[in-house]
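Below, each chain spelled out in residue letters.
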Number of protein chains: 2
Amino acid sequence: MKYRRSGRLVDMTNYFLSHPHQQIPLTHFSEAYQSAKSSISEDISIIKEVFESKHIGTISTTAGASGGVTFVPTVARQQTEELIDRLCDRLEEPERLLPGGYLYMMDIIGDPNLMQELGRVFASKFRDASVDAVMTMATKGIPLAYAVAGHLNVPVSIVRAQHRITEGSIVSINYVSGSQKRIQTMSLARRSLKPNSNVLIIDDFMKAGGTIRGMMDLVSEFQSSIAGIGVLTEAVHDEEKLVSDYVSLTKLSEVDLKAKQIKVEQGNIFSLDYSYED
Amino acid sequence: MKYRRSGRLVDMTNYFLSHPHQQIPLTHFSEAYQSAKSSISEDISIIKEVFESKHIGTISTTAGASGGVTFVPTVARQQTEELIDRLCDRLEEPERLLPGGYLYMMDIIGDPNLMQELGRVFASKFRDASVDAVMTMATKGIPLAYAVAGHLNVPVSIVRAQHRITEGSIVSINYVSGSQKRIQTMSLARRSLKPNSNVLIIDDFMKAGGTIRGMMDLVSEFQSSIAGIGVLTEAVHDEEKLVSDYVSLTKLSEVDLKAKQIKVEQGNIFSLDYSYED
């Protein structure tokens, strides 16, 4: 179908946004629109300029016969701070407090478009970490893990507490749940993660870090490496955490059941050694 | 920030795509770009034309003071047929066969961008069904449910087999798993679904329909109604299914363990009474 520039810009923008982290040869567009490569290059510069000025992402170009353009989603620091500050405010609502000092979070985890936004923060953070797969533990880590993985264009491996017969052979490990000091089992379908993968672990909550420590051990069982660790909320923990190198978006620093007060602040995402790029 | 038309088209396309089923007042754009409403209206007609000709979606306009424009994602019938035919081919791969006649599906369910595409098919199908929430059963229905809910801009309610203390008060029901004829329990956090919601039930697999029947009963417990039911794969079942009015994308019609043969065909999505719109 032949298109004028305006039509091409709309269609190409949609194509880039739905194909993150995928190298697209220029011929893909020039054939689709029956346009000269020079016109397509101009279109791409316009899109790139808007994407960068609006912090939607970058478009990187690889030269040569096998070259092409790749859309890499990013989030600006200011945008991330606003998003996380809003999230902290929501998490501090006293109605969330449950017996035992737990926080009700399903309204946040149940919001698919919020998960997409938060997933983009991690996808932006780990965009150069050569992530091959995202791993999470069922159930509540799944929505955020899928959002991250979608923006990075990699598959998700779902670790489970129960063995399922519908998943074929599985790999199981025992781990010590850090806060409760109980021995538990987690397992992952053998086919669900390719050996030698570089794995980004994503979860909704971390206290002592036992579950994430378990996932790290499971990653080793698949001859794979850790690309990074990201959690939606970390809780302060009296003893040393079992995991040191992680990125958290929010931090639950105080829960006062009597006074019905919750204190939630920004996680370590802005205070990490490596700079947070725009 | 002031933008020329080309820049506005790129940015507005991104905005529409990330805000499906949300009414946006024209002033949102005219203020953001410091442009006249007439220019914005022209931009929108260009975007609408491309979205419709490329079957990305429609942009509907509501007139009046409280009016605005709404992006509604759609999928063309041909695109849906190609997507589902490819999925059927993948599901027929003999390596999927597990002992007991189960199919390994985690590679498909683990692909976030495939889930997004399939989710758009359901979101397009149920776009006029006034869906307020999507409900699914943990674990394997979650990725598809989130994709559908994201495109419809509604929250997700995750039903679980186990009671969790981190979810506050819950509503539980017993149901009979249709194929195994066992009595089981499912529960949903009281806060996780607003009363009087119109609920779209999404799941990955349906055989006799017992789990979905259970979710329908749970919806009633929340004084809510069923907007529709969608499943990724249905299996043929010798007896009558417990659910009649559902949409399936694929149908597992034959599993021959000895010959290692699986037959998967299109689900009922194209053969339903009501026409499938482009």
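Residues numbered from 1 in each chain as written. Chains lettered and ligands numbered in written order. Predicted model: local features only at pLDDT ≥ 70, side-chain atom pairs only at ≥ 80, totals over all residues. Heavy atoms only, no water.

## Topic: the interface of chain B and chain A
Logical step 1: With 53 residues of chain B in contact, the opposing surface of chain A contributes 53 residues.
Logical step 2: Both sides of the chain B and chain A interface together cover about 4,500 Å² of buried area, and 62% of this is carbon and sulfur.
Logical step 3: Area buried by chain B at its contact with chain A is led by V10, Y104 and R191 of chain B, which between them contribute 14% of it.
Logical step 4: Seen at the junction of chain B and chain A, the total is 2 salt bridges.
Logical step 5: Put simply, K54 of chain A and D11 of chain B hold a salt bridge, and the shortest N to O gap is 3.3 Å.
Logical step 6: Summed over the shared surface of chain B and chain A, the result is 14 residue pairs in polar contact (both at pLDDT 80 or more).
Logical step 7: Residue assignment for the side of chain B that touches chain A shows that the elements contributing at least two residues are α1 (5–17), α3 (37–53), α5 (106–109), α6 (112–125), α7 (142–152) and β5 (156–159) of chain B.
Logical step 8: The leading source of residues in the side of chain B that touches chain A is α1 of chain B, at 8 residues. (Contact = heavy atoms within 4.5 Å. Buried area = accessible area lost by both parts, 1.4 Å probe. Salt bridge = Lys/Arg side-chain N within 4 Å of Asp/Glu carboxyl O. Polar contact = N/O pair within 3.5 Å; in protein donor to acceptor, adjacent residues only side chain to side chain. Helix = DSSP H or I, 4+ residues; strand = E, 2+ residues; numbered from the N terminus.)

## Comments concerning the sheet that holds strand β1 (residues 23–24) of chain A
All names here are of chain A.
Logical step 1: Ordered in space as β1-β3-β2, the 3 strands form an open sheet in which the pairing is antiparallel. The two strands at the open ends of the sheet, each matched to only one other strand, are β1 and β2 (57–62).
Logical step 2: Here β2 runs beside strand β3 (residues 68–73); their pairing, made up of 6 bridges, is antiparallel. Bridge pairing in β3 places I59 opposite F71.
Logical step 3: The strands touched by helix α1 (residues 5–17) are β1, β2 and β3; relative to β3, the strand with the most contacts, the crossing angle is about 65°. (Pairing = 2+ DSSP bridges. Axes fitted to C-alpha atoms, helices over the stretch in contact; angles between N-to-C directions.)

## Remarks on the pattern of salt bridges
Residue and element names in this part refer to chain A.
Logical step 1: Tallying each qualifying case throughout the model produces 24 salt bridges over all chains.
Logical step 2: Across the pair D217 and R213 runs a salt bridge, and its minimum N-O distance is 4.0 Å. Of the two residues, D217 and R213 are both situated in helix α8 (residues 210–221); the distance of 4 residues between them amounts to about one turn of the helix.
Logical step 3: Given a relative accessible area of 35%, D217 falls into the partly exposed group. (Buried < 20%, exposed > 50% of the residue type's maximum accessible area, 1.4 Å probe, protein only.)

## What about the environment of M115 of chain B?
Logical step 1: Relative to the helices and strands, M115 of chain B is located in helix α6.
Logical step 2: On the basis of relative accessible area, M115 of chain B is assigned to the buried category, the value being 2%.
Logical step 3: Sequence-wise, M115 of chain B and L232 of chain B are 117 residues apart; in three dimensions their C-alpha atoms are separated by 9.9 Å.
Logical step 4: Ignoring anything within four residues of it in the chain, the contact list for M115 of chain B reads Y146 of chain A together with I108, I109, P143, L144 and A147 of chain B.

## Considering the sheet that holds strand β5 (residues 156–159) of chain A
All names here are of chain A.
Logical step 1: One open sheet accounts for 6 strands, arranged β5-β4-β8-β9-β10-β11; its pairing is mixed. With partners counted over all chains shown, the strands left at the sheet margins are β5 and β11 (261–266), one partner each. For this sheet the average axis-to-axis angle between neighbouring strands, irrespective of direction, equals 25°.
Logical step 2: The strands that helix α6 (residues 112–125) touches are β8 (198–206), β9 (225–235) and β10 (247–256); relative to β10, the one it contacts most, it runs at about 125°.

## With respect to the confidence of the model for chain A
Segments scoring low in pLDDT should not have their predicted coordinates read at a detailed level.
Logical step 1: The predicted model of chain A averages 93 in pLDDT, with 96% of residues at 70 or higher.
Logical step 2: Within the model, the stretch residues 274–278 of chain A combines pLDDT values under 50 with 15 contacts to residues more than four positions away or in other chains. (pLDDT = per-residue confidence, 0-100.)

## Structural notes on the relation of the copies chain B and chain A
Logical step 1: Rotating chain B by 180° about the axis while translating it 0.0 Å along that axis superimposes it on chain A, leaving an RMSD of 0.0 Å. With respect to symmetry, the two chain copies, as superposed, fit the operation of a two-fold axis.
Logical step 2: Mapped onto chain A, 100% of the interface residues of chain B are again interface residues, and the two copies thus contact each other with one and the same surface. (Least-squares fit on C-alpha atoms with pLDDT ≥ 70 in both.)

## Points about the environment of F51 of chain A
Logical step 1: On the secondary structure map, F51 of chain A appears in helix α3 (residues 37–53).
Logical step 2: A residue is classified by how much of its surface remains accessible, and F51 of chain A, at 0% relative accessible area, is buried.

## Quick word on the domain arrangement of chain A
Residue and element names in this part refer to chain A.
Logical step 1: Taken domain by domain, chain A holds domain 1 (5–73) and domain 2 (77–270).
Logical step 2: Each of domain 1 and domain 2 has a C-alpha centre, and these two points are 33 Å apart.
Logical step 3: Across the contact, 8 residues belong to domain 1 and 8 residues belong to domain 2.
Logical step 4: Taken as a group, P20, H21 and P73 account for 65% of the area that domain 1 buries against domain 2, more than any other trio of residues on that side.
Logical step 5: Inspection of the region where domain 1 meets domain 2 yields 0 salt bridges.
Logical step 6: The interface formed by domain 1 and domain 2 includes 2 residue pairs in polar contact (both at pLDDT 80 or more).
Logical step 7: In terms of residue class, the side of domain 1 that touches domain 2 is built from 4 nonpolar, 3 polar and 1 charged. (Domains from an automatic or database assignment. Nonpolar A, V, L, I, M, F, W, Y, C, P; charged D, E, K, R; others polar.)

## With respect to the nonpolar core
Logical step 1: Of all hydrophobic cores here, the largest spans 92 residues; its most connected members are L118 of chain A together with L118 of chain B.
Logical step 2: In contact with L118 of chain A, not counting residues within four places along its chain, are L83, L87, L144, L232 and L249 of chain A.
Logical step 3: Membership of the second largest hydrophobic core comes to 35 residues, among which are F16 and F51 of chain A together with V69 and F71 of chain B. (Core = buried A, V, L, I, M, F, W, Y, C linked by side-chain atoms within 4.5 Å.)

## Focus: the UniProt feature "domain: Bacterial purine repressor N-terminal" (unreviewed entry) in chain A
Logical step 1: Sites flagged by UniProt as "domain: Bacterial purine repressor N-terminal" (unreviewed entry) map to residues 4–73 of chain A.
Logical step 2: The annotated region residues 4–73 of chain A carries 54% helix and 20% strand content, and the separation between its end C-alpha atoms amounts to 26 Å. (UniProt positions renumbered as here; feature names shortened; annotations may be inferred.)

## Some words on the packing of helix α4 (residues 77–91) of chain B against α6 of chain B
Residue and element names in this part refer to chain B.
Logical step 1: Running from amino to carboxyl end, α4 crosses α6 at an angle of 130°, the nearest separation of the two axes being 11 Å. When the axis of α4 is compared with that of α6, the two are oblique. In terms of crossing hand, the pair formed by α4 and α6 is left-handed. On the side of α4, the interface is formed by T80, L83, R86, L87 and R90, while α6 contributes L114, E117, L118 and V121.
Logical step 2: Within the contact of α4 with α6, the residues separate by chemical class into 5 nonpolar, 1 polar and 3 charged. (Parallel < 35°, antiparallel > 145°, perpendicular 65-115°, else oblique. Left-handed = near helix turned anticlockwise from the far one by under 90°.)

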